[in-house]
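Residues per chain are reported as follows:
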Amino acid sequence: MPKDLEQVLGRGGVVIYPTETVYGVGGDPRNAAVIERIVTLKGRPGHKPFPLIAADLDSVRHWVRWRSDPLDRLAKRFWPGPLTLVLQAASNVPKSLQSAEGTVAVRVSAHPVATLMAKACGGALVATSANLSGQPPVSNPAALSRALLDAVDGLVDGGPLPPSLPSTLVAVIFEKEGFSWKVLRKGAVLEEDLTAFFHEETVAASTEDL
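Here goes a summary of the coordinates provided. All of these numbers come straight from a predicted model, not from anything done at the bench. Starting from 1, residues in each chain are numbered consecutively following that chain's sequence as written. Local features in this predicted model are restricted to residues of pLDDT 70 or higher, and side-chain atom pairs are both shown and tallied only at a pLDDT of 80 or more, whereas totals for entire chains, interfaces and linings draw on every residue. Side-chain measures were taken over the full set of non-hydrogen atoms in the model, leaving aside hydrogen atoms and water.

1. Some words on the overall build of the protein
- Of regular secondary structure, the protein possesses seven helices and 10 strands.
- Two things to know: the radius of gyration comes from C-alpha atoms, and the globule rule equals 2.2 Å times the number of residues to the power 0.38. Its C-alpha radius of gyration of 17 Å places the protein within 12% of the 17 Å reference for a compact globule of 210 residues.
- Judged by the C-alpha coordinates and their principal axes, the protein covers about 60 × 35 × 35 Å.
- Buried residues are those whose accessible area, probed at 1.4 Å on protein chains only, stays under 20% of the maximum for their type, while exposed residues exceed 50% and partly exposed ones sit between those limits. Per-residue burial over the protein gives 47% buried out of 210 residues.
- Total accessible area computed for the protein in this model is approximately 10600 Å², and 53% of it derives from carbon and sulfur atoms.
- We treat Lys and Arg as the positive residues and Asp and Glu as the negative residues; His and chain ends play no part in the count. Throughout, a charge is located at the NZ atom of Lys, the CZ atom of Arg, the CG atom of Asp or the CD atom of Glu. Where the 21 positive side-chain charges of the protein centre and where its 22 negative ones centre are 5 Å apart. Labels follow the DSSP assignment, with helices taken as runs of H or I lasting at least four residues and strands as runs of E lasting at least two, numbered in each case from the N terminus. Calculation of accessible area relied on Shrake-Rupley with a 1.4 Å probe; when residues are assessed, cover is drawn exclusively from the protein chains displayed.

2. Observations regarding the side chain of Thr 168
- For Thr 168, the position within the fold is in strand S9 (residues 168–174).
- What qualifies as a polar contact is a pair of N or O atoms within 3.5 Å, subject to a donor-acceptor requirement within protein and to the restriction that residues adjacent in sequence count only when both atoms come from side chains. At 2.7 Å, the side chain of Thr 168 forms a polar contact with the backbone oxygen of Val 189.
- Those residues in contact with Thr 168, other than ones at most four positions away along the chain, are Pro 82, Leu 83, Thr 84, Val 183, Arg 185, Lys 186, Gly 187, Ala 188, Val 189 and Leu 194. Residue contacts follow a heavy-atom distance rule, with two residues in contact if any of their heavy atoms lie within 4.5 Å.

3. Re the pattern of salt bridges
- Salt bridge, as applied in this entry: a Lys or Arg side-chain nitrogen positioned within 4 Å of an Asp or Glu carboxyl oxygen. Inspection of the entire model under this criterion finds eight salt bridges.
- Among the ionic pairs, Asp 28 bridges to Arg 30, the shortest N-O distance being 2.7 Å.
- The exposure class assigned to Asp 28 is buried, which follows from its relative accessible area of 10%.
- A residue is classified by how much of its surface remains accessible, and Arg 30, at 52% relative accessible area, is exposed.

4. Comments concerning the pairing of strand S2 (residues 23–26)
- Burial along S2 is two-sided: Tyr 23 and Val 25 facing one way and Gly 24 and Gly 26 facing the other are all buried.
- Strand direction decides the pairing type here: strand S1 (residues 15–18) and S2, joined by four bridges, are antiparallel. Among the inter-strand pairings, Tyr 17 is bridged to a residue of S2, identified as Gly 24.
- Turn length for the S1-S2 hairpin, with the two strands adjacent in sequence and antiparallel, is four residues. Whether two strands pair depends on DSSP finding at least two bridges between them.

5. Examining the sheet that holds strand S10 (residues 179–185)
- Here we have six strands laid out as an open sheet, ordered S6-S3-S5-S4-S9-S10, and mixed in their pairing. Edge strands, defined here as strands with exactly one partner in the open sheet, are strand S6 (124–126) and S10. The average undirected angle you get between the axes of adjacent strands in this sheet is 30 degrees.
- Two elements, strand S4 (residues 83–88) and strand S5 (residues 103–108), share four bridges in a ladder whose sense is antiparallel. Looking at the pairing, Leu 87 lines up with Val 104 of S5.
- Set on the sheet, helix H5 (residues 112–120) makes contact with strand S3 (52–54) and S6; between it and S6 the angle comes to about 110 degrees. To get an axis, fit a line to the C-alpha atoms, keeping to the stretch in contact for a helix; angles then go from 0 to 180 degrees between the N-to-C directions.

6. What about the sheet that holds S1?
- Taken in spatial order, the four strands make up an open sheet running S7-S2-S1-S8, and their pairing is mixed. Strands at the two margins of the open sheet, each flanked by one partner only, are strand S7 (128–129) and strand S8 (154–155).
- Bridge count between S2 and S7: two bridges; the pairing is antiparallel. Along S7, the bridge assignment pairs Gly 24 with Ser 129.

This is the structure:
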């Protein structure tokens, strides 16, 4: 990653960048001014927290209440890649990044630019799509809104991205005994692949009790 881009992010800049799905716009999620600025430039209504891209699994654990069973195996199966997990926020996470239910949405991206930017921001990067609210996601930088380009501090041009759906959004809810899961947004990871994974998890858990 260019040194000047790292400096832009370090001083609270907002940058458009490629992921393995669509172009995103983000910055350091630890900086409240960055969050407010992205809300304003996207025209995002109400309190709707932004997802995060983490540099690696260790960084994910800083932001959420991680439970190794089954999350370690889920991460090994689908990360890095376009699966965003919605989990209970860790106690250190600012309220501005949490949903009304106290959750945070996070994933580990397979795109090297997104990973490097997350590292430059201390391990995690705001990961909202680079479009004005209500407009479709963008996979070709030539299609980026002029208003959005004028409002940010930089663009990492990765060229046109291969056609892809956005990341699949899945909530994993832990209960007194076991857990449940729910697809909140269909996307690049197929629901049938998730169903197969969680079915295997259930069968494995049942077998261990024998």
